[in-house]
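Architecture at a glance
Residue strings, one per chain:
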Amino acid sequence: AQRVTQPEKLLSVFKGAPVELKCNYSYSGSPELFWYVQYSRQRLQLLLRHISRESIKGFTADLNKGETSFHLKKPFAQEEDSAMYYCALSGITQGGSEKLVFGKGTKLTVNP
Amino acid sequence: DSGVTQTPKHLITATGQRVTLRCSPRSGDLSVYWYQQSLDQGLQFLIQYYNGEERAKGNILERFSAQQFPDLHSELNLSSLELGDSALYFCASSVGAGGSTDTQYFGPGTRLTVL
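Basis of the calculations
- Residues numbered from 1 in each chain as written.
- Chains lettered and ligands numbered in written order.
- Predicted model: local features only at pLDDT ≥ 70, side-chain atom pairs only at ≥ 80, totals over all residues.
- Heavy atoms only, no water.
- Contact = heavy atoms within 4.5 Å.
- Buried area = accessible area lost by both parts, 1.4 Å probe.
- Salt bridge = Lys/Arg side-chain N within 4 Å of Asp/Glu carboxyl O.
- Helix = DSSP H or I, 4+ residues; strand = E, 2+ residues; numbered from the N terminus.
- Nonpolar A, V, L, I, M, F, W, Y, C, P; charged D, E, K, R; others polar.
- Pairing = 2+ DSSP bridges.
- Axes fitted to C-alpha atoms, helices over the stretch in contact; angles between N-to-C directions.

**Description of the interface of chain B and chain A**
One widely used convention gives an interface's size as the accessible area the parts lose upon coming together. At the interface, 25 residues of chain B touch 18 residues of chain A. Taken together, the two surfaces of chain B and chain A that pack against each other cover about 1700 Å², and 52% of this comes from carbon and sulfur. When residues of chain B are sorted by the area they lose upon contact with chain A, Leu 43, Ser 100 and Phe 106 of chain B head the list and together hold 34% of the total. Across the contact surface, chain B and chain A share zero salt bridges. Taken together, the elements giving at least two residues each to the side of chain B that touches chain A come down to strand S4 (31–38), strand S5 (42–50) and strand S6 (53–57) of chain B. In terms of residue count, S5 of chain B provides more of the side of chain B that touches chain A than any other element does, four residues in total. Considering only residue class, the side of chain B that touches chain A consists of eight nonpolar, 12 polar and five charged.

Structural data, given as structure tokens:
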């Protein structure tokens, strides 16, 4: 089964502190993973994808196939990082097409 | 602004009724995706259309149907509504037919409340 688990519904850190949002996945194939973010009153948008190996807004995420994880990290959190974060996996439907499977999200609050 | 528009923003209806949600993709995007977000299930993929044809199907109930028109806008039809259908319905669009490099751009969502 294709599944994405984000164990923390809520995460609260102070400005300048490191932050790590956890994501674990279950997928029998070669996984392709993403992080999406939704800021207050804005739309859900792609933050980063693992195949790009990019750093966006100071965030990075490394795919660890051994631990089946794709945790999102930032060394120094900013107040503007407060948002809802969703981890997603590109999986296969029963018909063989690709689809995004989302975790339930983690609400990050960065306190001043 | 991602350019994906959805109407209406809010919809309140009664059980047993039928509603239609509308989505207009970004200019140039050929794919439209529909998602349902509820408190207990999270964000769930329903269906994808690419250039007018059904491309991928997810956890879409038989009471739900969708289509994509020649101008590429899409409609999601929900019938015989139940209380449990109350949710946020998102539409997304992308340039291509899908895949990990085909970025999906999301609309603002339609909040459906079934009373």
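**A look at the sheet that holds strand S8 (residues 74–78) of chain B**
Residues and elements named next belong to chain B. Taken in spatial order, the four strands of this open sheet run S1-S3-S8-S7, and their pairing is antiparallel. The sheet terminates laterally at strand S1 (5–7) and strand S7 (64–68), the two strands that pair on one side only. Strand-to-strand twist across the sheet, computed as the mean angle between neighbouring axes with direction ignored, equals 15 degrees. Sheet topology places strand S3 (residues 19–24) next to S8; five bridges connect them, and they run antiparallel. The residue of S8 that forms the bridge with Cys 23 is Ser 74.

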